[in-house]
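Close look at the chain arrangement
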Amino acid sequence: MEIKEERSSDEAQQFLPSSQADSLGEPQFTSIRRIANEPKLEFSLACKDLVAATRDRKLNTFIQVSVVHPAEHILTRYSSTEIVEGTRDPLFLTGVTFPPEYPIYEETKIKLTVYDVKDKSQDTVRTSVLPDHKEPRADVGRSFLGCTTFRVGDLVKSKEQQLTLTLRTSDGGKTVGTIEVNLVKMGELEDGETDHITTDTQDQKCALVRECTATEGISDKDNLPSLNAVLKNPICKLYRFPTSDNKWMRIREQMAETTLSFHVPKELINLHIKEDMRRNQELKDLGELAPHWDNMRKSVIAHCDQMLSMYQDTLAELGKHTGSSFKSSCSKGEKTLEFIPINLHLQRMHVHSPRLKDALYDVITVGAPAAHFQGFKNGGLRKLLSKFEAERRNTGYQCIYYSPENTAKAKEVLSNINHLQPLISSHADLLLNSASQHSPDSLKNSLKMLSEKTELFVHAFKDQLVRSALLALYTARPGCVLKKPAVPRNSAEEGSDLQHQDHPSQIKRQDSIPHHSEYDEEEWDRVWANVGKSLNCVIAMVDRLLEKDSISSIKEGENDPSAADCKVLRTDGDWYEQLYPLVITLKDCMGEVVTRAKQSMAFVLLQELACGLPQCLMLTLRRDIVFSQALAGLVCGFIIKLHTGLHDQGFLQQLHTVGLLVQYEGLLSTYSEEAGMLEDMAVGISDLQKVMFKVIEAKSEDFLPVITGRREHYVIEVQLPAKMFELLPQEIKEGKLLRMYPVLFNVGINEQQTLAERFGDTTLQENINQENLELLKEYYKLFTEKMPPDCLPHFQEQNDLKGLLENLHQNIQAKKRKNVEIMWLAATICRKLNGVRFTCCKSAKDRTSMSVTLEQCSILRDEHQLHKDFFIRALDCMRRMPHRECTEECQMQKVCIQHDTADGFPKVLQTSRRDIWKS
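Here goes a summary of the coordinates provided.

**So, the layout of surface pockets**
Here the largest pocket defines a volume of roughly 1,400 Å³. Residue lining of the largest pocket: 44 residues in total, with Glu275, Lys411, Arg710, Arg711 and Glu712 positioned closest to the centre. Those elements that place two or more of their residues in the lining of the largest pocket are helix H4 (260–284), helix H6 (381–394), helix H7 (404–436), helix H12 (575–610), helix H13 (615–644), strand E18 (706–710) and strand E19 (713–720). No other element matches the 11 residues that H7 contributes to the lining of the largest pocket. Here the residues of the lining of the largest pocket sort into 15 nonpolar, 10 polar and 19 charged.

What follows is the structure, encoded as structure tokens:
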């Protein structure tokens, strides 16, 4: 039989799609009945009466699982169990699962090969080194015991849903034991009595008698088109672990990619391009400027055009991307992929345990959001932004200094103008349309909407920044001469600095706005106040028209009752003609305000860019890159949390009343380049506070989220099918914006952190943890003020949230080396507050894997009574398989050897040579 060598990686990592399997020209095969989105087939394995080469030898065995596809008639290595030591009757905790997309049928054959590992210290559980028909060499460290084959249809159709197969040697002669294959369904319970389960902590032996009873499984919340639109290529693992009361629980572990890894960055870059094009046009529309300011504008526009071209090139390259929906760690330095998050995956654990409700535990794993292509020679964003702002403030430039708060305010004013002006114009047209139809109710509604939007428009300009910027712009016009000396004003109130002398080339920095003798500062007040006056005239006219109409209706109703119902047909007094000039005046006044305000705010942005070229634009680019990576993960986490909590009314109330807690667990060191990554990550996660979510009803089959907004404020519109949308509270259905509360707690755990603690500096980590502790306390305070305590999820481990927060505070203050208690406490608080969990390290592989698997086993112990003697073995099972990127044997060996003793890691996170990290 031919051996197909390339199918040697993790199960379901690469497989033929069903469409390809059906198009091979073979007869149609019998499909396996299954629930939608559930694995096609799952089974567990156990051996009995295995024969050792020598009578006194204790076997250390594992089973390699291979698949014979009926259409191809070749053997494909698929997966393997863990190693069970010291017994001839091993029961394997790791099962076998085939995902929904895998082409497996009743005619498919499965081959089971049992190996004896002679020296575990020399073996890395590599299950795909040799062809299945050959025994390994003696120096490999393991030997072939026996093999057997069965048809999938025989297992599925068997009355007991169990097969007992005979193991034979490669020549088919000698019997070396038996294998029990048991069909697994998550909705069924393995219920064994105490005396049927024996454990031996030395040899890790156990025996099992199965008594399956049907129970109600967890509702299939992930069986949804909208969720399937963002998740793809799942990898599933199946385990069974004993509980402390000697029952059995089943665990299905799933890791899935997400299409959002590329979708969100592309949406975001597209918004950046539009925003930057508007800004460049606004700079060009400033009008005529004095030579000094005009040269400055030309320089700024030239640099901005170069940056805009780079964004456009990046978007074009991302549009050409095909293949994997995630970015592997080896691609983190590629320029064309710098906006894409590293190894963004959903890690889900589904637990089905006796006498306890089924539970889902989700963690989003992703590489730390950072600008790897730009490097960390000068630090990360946290240091670079602080240094840049200090240089702008303390160094003399031939421009006006505006604080970051004022430049952010200027961008907000411009955004409000671009948003409100077309709305007001639209509502004004609707008002005239209602007037032409003589419809009183429609006229009232149109006037109400026009009034609300116009009041927001007027309020947007009640800021001293607009007034001071108009004066600064006036002094920058050609031929401007001051006839009186400058009179300084309170710079704290003005919020900006203007430097001006008679000759533009000699402009110097000063800390106040000069008062220009020929500039009428009250003119601006009159201009924007005219908008309000024009609106009042419109309101007064509408009231007068409605009052006359009401009086006329009463009189006509007394003479002819039927006439009172014919208001639409009335022709006396043309409402449209009376309202039209007033509406035109309102639009003209608004247009004048828009022109002046846009120019003044564009002038503020000109100063921001001119004071820091080209560093300002490079920092903006770096911040965009980091934010893009962070946002992709956040959108994925929010969508997953929304789907899993869709039937939890307490969570939904918390979502629209308080907001969603998003907790990031960082495992970066504060040494060398990783310190710069941590600085990038801290700023990127903090920037997520300017993101809000809105849930809308999907109008098509495209359920991917839509992003709107600008750099200072984004709204993510998450689309749900109609049936799911109806489950939401009224507040969310009406479009209420949902706030995010991101917090980051970092604990360096590797050998580089040891160097940082002994010879470097850990202040960065301490400051980040302290700052985010205050944010977490703020969220908890808001939660306790607005939400009842019974809306929180109930855990077996009942710890008071206030006590947990105090414990977290004490651990952060203690400044203990590699204090992993900080991340455990933060994770527990997050889960108890219905939050979204993230785990991050440099590439979301080794450290992330160890942390996630330890957290999962801790949850099984604390919440589902995992037997204490099986904690380490459960941890070994989950850590055994390689992460998605290590598909080559040499890579897996290298990882194992490199982290032989996990130097520098806290003991609880250390693992043995045989463990291969899993992501």
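Following the structure, the description resumes.
**As for helix H23 (residues 871–880)**
Each α-helix winds once per 3.6 residues, and so residues spaced three or four apart point in a common direction. Of all 10 residues making up H23, nine are buried, and the element is well covered by its neighbours. Along H23, the residues that are buried comprise Phe871, Arg873, Ala874, Leu875, Asp876, Cys877, Met878, Arg879 and Arg880. In this structure, the buried side of H23 is in contact with strand E4 (75–80), strand E12 (231–242), strand E13 (248–258), strand E14 (345–352) and helix H22 (846–864).

**With respect to the sheet that holds E14**
Pairing is mixed in the open sheet, where 10 strands are placed in the order E12-E13-E14-E15-E21-E16-E20-E17-E19-E18. Two strands lie at the open edges of the sheet, namely E12 and E18, each paired on one side alone. Geometrically, the sheet is characterised by an average inter-axis angle of 25 degrees between neighbouring strands, direction not taken into account. Where E12 and E13 come together, 10 bridges link them in antiparallel fashion. Each residue of the ladder has a partner; that of Pro242, found in E13, is Trp248. Along the sheet, helix H15 (residues 673–687) contacts strand E16 (660–666), strand E17 (691–697), strand E20 (738–746) and strand E21 (836–840); its crossing angle with E20, the most-contacted strand, is approximately 160 degrees. Contacts between H22 and the sheet are confined to E12, E13, E14, strand E15 (359–365), E16 and E21, with E15 contributing the most and set at about 165 degrees to the helix.

**Regarding the packing of helix H9 (residues 464–475) against H12**
The N-to-C vectors of H9 and H12 enclose an angle of 80 degrees; their axes lie 8 Å apart at closest approach. By the angle between their directions, the pair H9 and H12 is classed as roughly perpendicular. Contacts between H9 and H12 pair Leu465, Val466, Ala469, Leu470, Ala472 and Leu473 from the former with Arg596, Gln599, Ser600, Met601, Phe603 and Val604 from the latter. In terms of residue class, the contact of H9 with H12 is built from nine nonpolar, two polar and one charged.

**A look at the nonpolar core**
Ranked by internal contacts, the top residues of the largest apolar core, which has 85 residues, are Leu431, Phe457, Trp524, Leu579, Met601 and Phe603. Counting residues per element, this core draws most heavily on H12, which supplies 17 residues. Setting aside anything within four residues of it in sequence, one finds Trp524 in contact with Phe461, Val466, Leu470, Val593, Arg596 and Ala597.

**Observations regarding the pairing of E4**
Judged by how many residues are buried, E4 sits mostly within the fold: six of six residues are covered. In terms of strand pairing, strand E3 (residues 61–68) meets E4 through five bridges, oriented antiparallel. Each residue of the ladder has a partner; that of Val65, found in E4, is Ser79. Counted along the chain from E3 to the antiparallel partner E4, the turn is six residues long, and its residue His73 has a positive phi close to 55 degrees.

Criteria and cut-off values
Residues numbered from 1 in each chain as written. Predicted model: local features only at pLDDT ≥ 70, side-chain atom pairs only at ≥ 80, totals over all residues. Heavy atoms only, no water. 1 Å grid on protein atoms, 1.4 Å probe; cavity = no way out; pocket = protein on both sides within 12 Å on 5 of 7 lines; lining within 4 Å. Points joined across faces, edges and corners; volume = space filled by probe spheres on them. Helix = DSSP H or I, 4+ residues; strand = E, 2+ residues; numbered from the N terminus. Nonpolar A, V, L, I, M, F, W, Y, C, P; charged D, E, K, R; others polar. Buried < 20%, exposed > 50% of the residue type's maximum accessible area, 1.4 Å probe, protein only. Contact = heavy atoms within 4.5 Å. Pairing = 2+ DSSP bridges. Axes fitted to C-alpha atoms, helices over the stretch in contact; angles between N-to-C directions. Parallel < 35°, antiparallel > 145°, perpendicular 65-115°, else oblique. Core = buried A, V, L, I, M, F, W, Y, C linked by side-chain atoms within 4.5 Å.

These results come straight from atomic positions and should not be treated as a statement about function.
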